[in-house]
Amino acid sequence: MTLKRLSVVLLACLTLTACGGVDPNSPLGQRKAIFKQMLKTGEDLGGMLRGRIPFDGQKFADGAVKLDALSHEPWKHFPQVREEDHTSAKSDVWEQQARFQAMARDLETATGELVIASQVQPYKAGNLGPAVQKVEDACSACHKAFRDH
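Quick notes on the rules
Residues numbered from 1 in each chain as written. Predicted model: local features only at pLDDT ≥ 70, side-chain atom pairs only at ≥ 80, totals over all residues. Heavy atoms only, no water. Axes fitted to C-alpha atoms, helices over the stretch in contact; angles between N-to-C directions. Helix = DSSP H or I, 4+ residues; strand = E, 2+ residues; numbered from the N terminus. Left-handed = near helix turned anticlockwise from the far one by under 90°. Contact = heavy atoms within 4.5 Å. Nonpolar A, V, L, I, M, F, W, Y, C, P; charged D, E, K, R; others polar. Buried < 20%, exposed > 50% of the residue type's maximum accessible area, 1.4 Å probe, protein only. 1 Å grid on protein atoms, 1.4 Å probe; cavity = no way out; pocket = protein on both sides within 12 Å on 5 of 7 lines; lining within 4 Å. Points joined across faces, edges and corners; volume = space filled by probe spheres on them. Expected span 1.5 Å × (residues − 1). Core = buried A, V, L, I, M, F, W, Y, C linked by side-chain atoms within 4.5 Å. Disulfide = S-S within 2.5 Å. Polar contact = N/O pair within 3.5 Å; in protein donor to acceptor, adjacent residues only side chain to side chain. Parallel < 35°, antiparallel > 145°, perpendicular 65-115°, else oblique.

Attention now moves to the packing of helix H2 (residues 27-50) against helix H6 (residues 125-146). Between H2 and H6, the shortest axis-to-axis distance is 10 Å and the interhelical angle comes to 145°. In this structure, H2 crosses over H6, and the sense of that crossing is left-handed. Here Gly46, Leu49 and Arg50 of H2 come into contact with H6, specifically with Ala125, Leu128, Gly129, Val132, Gln133 and Glu136. Taken together, the residues that form the contact of H2 with H6 break down as 4 nonpolar, 3 polar and 2 charged.

This is how it looks when you write it as structure tokens:
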């Protein structure tokens, strides 16, 4: 009898957990997925420069290209009107659209510059570090201005 009760409780918990998820096809779900890819890619690049991951010049250059491509994607998944779903985006995203778009372009510019820096051979942290820092600074500035947490 206890196994049956435990199974019912477990099933109820799983059902409630499934209801709380974000629809991966919604604008929120799509931009969250892109931001997660950007974070992972950026962490790998920073990790290579900071010695957490072995440096591989070609992987770094490929990562820079990937990050640049991703940096152009999330903005199209911010609808004109704020969603009803819980989101980390502050209402300022919609109330200060010009500033938000300008900061998005700053990130795109920074990732483009990172691609250029990653093409310079031989690879040197002195060339790559400032470009990675500029990308990180652009992300951080936008998060401070437009993200709840």
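Our next topic: the environment of His143. Note on placement: His143 falls in helix H6. Taking the relative accessible area as the measure of exposure, His143 reaches 42% and is therefore partly exposed. Residues His143 and Met103 lie 40 residues apart in sequence; the distance between their C-alpha atoms is 10.0 Å.

A few words on the layout of surface pockets. Within this model, the largest pocket holds a volume of roughly 810 Å³. Lining the largest pocket we find 38 residues, and of these Phe35, Lys36, Leu39, His143 and Arg147 sit closest to its centre. Secondary structure elements with two or more residues in the lining of the largest pocket: H2, helix H5 (97-117) and H6. With 13 residues, H2 is the largest single contributor of residues to the lining of the largest pocket. Across the lining of the largest pocket, the residue classes tally to 21 nonpolar, 9 polar and 8 charged.

A word on H5. Taking 1.5 Å of rise per residue, 21 residues should cover 30 Å, and H5 covers 30 Å from first to last C-alpha, within 8% of that figure. Here H5 has its buried residues at Phe100, Met103, Ala104, Leu107, Glu108, Ala110, Thr111, Leu114, Val115 and Ala117. Here the buried face of H5 lies against H2, helix H3 (57-71), helix H4 (92-95) and H6.

Further remarks concern the nonpolar core. The biggest cluster of nonpolar side chains holds 29 residues, and the ones touching the most others in it are Phe60, Phe78, Val93, Phe100, Leu114 and Phe146. Contributions of two or more residues to this core are made by H2, H3, H4, H5 and H6.

Considering all chains together, one arrives at 0 disulfides under this definition. As a non-bridged cysteine, Cys139 has Cys142 as the owner of its nearest cysteine sulfur, 8.1 Å distant. Its relative accessible area of 10% is what places Cys142 among the buried residues.

This next bit is on the side chain of Thr87. You can see Thr87 is positioned in the loop between H3 and H4. By relative accessible area, Thr87 is classed as buried at 4%. Engagement of the side chain of Thr87 in a polar contact is seen with the side chain of Arg31, the distance being 3.2 Å. Engagement of the side chain of Thr87 in a polar contact is seen with the backbone nitrogen of Ala89, the distance being 3.1 Å. Among residues more than four places away in sequence, those in contact with Thr87 are Leu28, Arg31, Arg82 and Asp148.

Moving on, we come to the packing of H2 against H3. The interhelical angle for the contact between H2 and H3, taken along N-to-C directions, is 150°, at an axis separation of 9 Å. By the angle between their axes, H2 is roughly antiparallel relative to H3. With respect to the hand of their crossing, H2 and H3 are arranged in left-handed fashion. Between H2 and H3, the residues in contact are Ile34, Gln37, Met38, Thr41, Gly42, Leu45, Met48 and Leu49 and Lys59, Phe60, Gly63, Ala64, Lys66, Leu67, Leu70 and Ser71, respectively. Classifying every residue of the contact of H2 with H3 by side-chain character gives 9 nonpolar, 5 polar and 2 charged.

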